[in-house]
Structure formats: structure tokens, C-alpha cells
Amino acid sequence: MLTGWFLWFILFWVVFLLVMMSIGGFFMFRKFLKRLPKEDGKSELDWQEYYIEQTRHLWGEEEKALLEELVRPVPELFRDVARQKIAGKIGELALKEQAPRITRDLLIRGYIIATPKRDHKFLIRTLQAKNIDLAPYQHLLENR
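Structural notes, computed from the coordinates. (Residues numbered from 1 in each chain as written. Predicted model: local features only at pLDDT ≥ 70, side-chain atom pairs only at ≥ 80, totals over all residues. Heavy atoms only, no water.)

### A look at unusual backbone geometry
Point 1. Its identity as a non-glycine residue notwithstanding, Gln98 has a phi of 50°, on the positive side.
Point 2. With respect to the helices and strands, Gln98 occurs in the loop between α4 (76-97) and α5 (104-114).
Point 3. Its identity as a non-glycine residue notwithstanding, Asn131 has a phi of 55°, on the positive side.
Point 4. With respect to the helices and strands, the residue Asn131 is situated in the loop between α6 (120-129) and α7 (138-143). (Helix = DSSP H or I, 4+ residues; strand = E, 2+ residues; numbered from the N terminus.)

### Considerations on the layout of surface pockets
A water-sized probe rolled over the atoms picks out the places where empty space is left.
Point 1. Empty space within the largest pocket amounts to approximately 870 Å³.
Point 2. Lining the largest pocket are 26 residues, with Arg30, Val74, Phe78, Val81 and Ala82 sitting closest to its centre.
Point 3. At the level of secondary structure, the elements contributing two or more residues to the lining of the largest pocket comprise α1 (5-35), α2 (44-55), α3 (61-71), α4 and α5.
Point 4. Among the elements that line the lining of the largest pocket, the one with the most residues is α4, at six residues.
Point 5. Here the residues of the lining of the largest pocket are counted per class, giving 15 nonpolar, three polar and eight charged.
Point 6. Computed from the structure, the second largest pocket encloses a volume of approximately 250 Å³.
Point 7. Around the second largest pocket sit Ile52, Thr55, Arg56, Trp59, Lys64, Leu67, Glu68, Asp80, Arg83, Gln84 and Ala87, which together line it.
Point 8. At the level of elements, α2, α3 and α4 are the ones that each hand at least two residues to the lining of the second largest pocket. (1 Å grid on protein atoms, 1.4 Å probe; cavity = no way out; pocket = protein on both sides within 12 Å on 5 of 7 lines; lining within 4 Å. Points joined across faces, edges and corners; volume = space filled by probe spheres on them. Nonpolar A, V, L, I, M, F, W, Y, C, P; charged D, E, K, R; others polar.)

### Looking at the packing of α1 against α2
Point 1. Running from amino to carboxyl end, α1 crosses α2 at an angle of 70°, the nearest separation of the two axes being 5 Å. Relative to α2, the element α1 lies roughly perpendicular. Residues Lys31, Lys34 and Arg35 of α1 form the contact with α2, whose own contacting residues are Glu44, Leu45, Asp46 and Glu49.
Point 2. For the contact of α1 with α2, a count of residues per class yields one nonpolar, no polar and six charged. (Axes fitted to C-alpha atoms, helices over the stretch in contact; angles between N-to-C directions. Parallel < 35°, antiparallel > 145°, perpendicular 65-115°, else oblique. Contact = heavy atoms within 4.5 Å.)

Read these as layout, nothing more, since geometry by itself doesn't imply function.
Pasting the structure below:
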């Protein structure tokens, strides 16, 4: 029969493993849902990849550097996913507007649309540090 500290050790590991598997399962399930095809036959991730591939040649070095700076606060483990999601949204906007190249304006609008409202604080601080006017983006920041 288990008694004393060994019982608490076993209970701790049972609870710890259940919590870790639940967290991992949650993220795997979210990824699974994003891979499911929608009505048009393509998944959310397929569309992201499509938009990135279609607009890859429109990106300049300055815009790539700004995107890297904007995804810097994201933990490194999730940074690639965040970068792909944001770049996909920027590419979607560029294709809809038939932009000849990715501009800073397009990048900022795509970032605002692709990210949750809690991430906009860092964007605002970064843009203010670079002396970029936020007035053209206020309607997007308020509606999100």
C-alpha cells in the first residue's frame, strides 16, 4: 500500500501528465481543425500557403524586416506560425487590391486584421517608436 510522500509523488505525476496531455491535445486539435477543408475544398492553412506563394515576389527587404520586428514578441516556438498567418493575411489583401508590391501600409493593415486585439499594444508601441502615423489605422484598431 502506498503511503506518505510516495503517494503524493504518484498523484503529482498523474495530475501533471493529464494536464500536459490536455494542453498538447488542445493545440493538436486546433491544428486539425485548421486543416479541415471548408466549402471550397481548401483549408484555412491551404489558403494561407496559397496567398504566401502568390505574393512571395512582392515582398521587399524593408517589409520583411518590419514583419520580423512585429512578430518578435511571439515566443520562438510559435513565431513561424504567427509569421505565416500574418503573411497570409497580407498576401490576401495584396491580391484583393491587386497591389504591385507589399507596402508598409498593407503590412500594417494585414497585421491588425490577422492578430487578436491584445497584440495591438505592441504594434502601436513599435509604430510610435518608428514615427509612423496611426490615424489611417484607427478604424481597424477600434473594430477589432
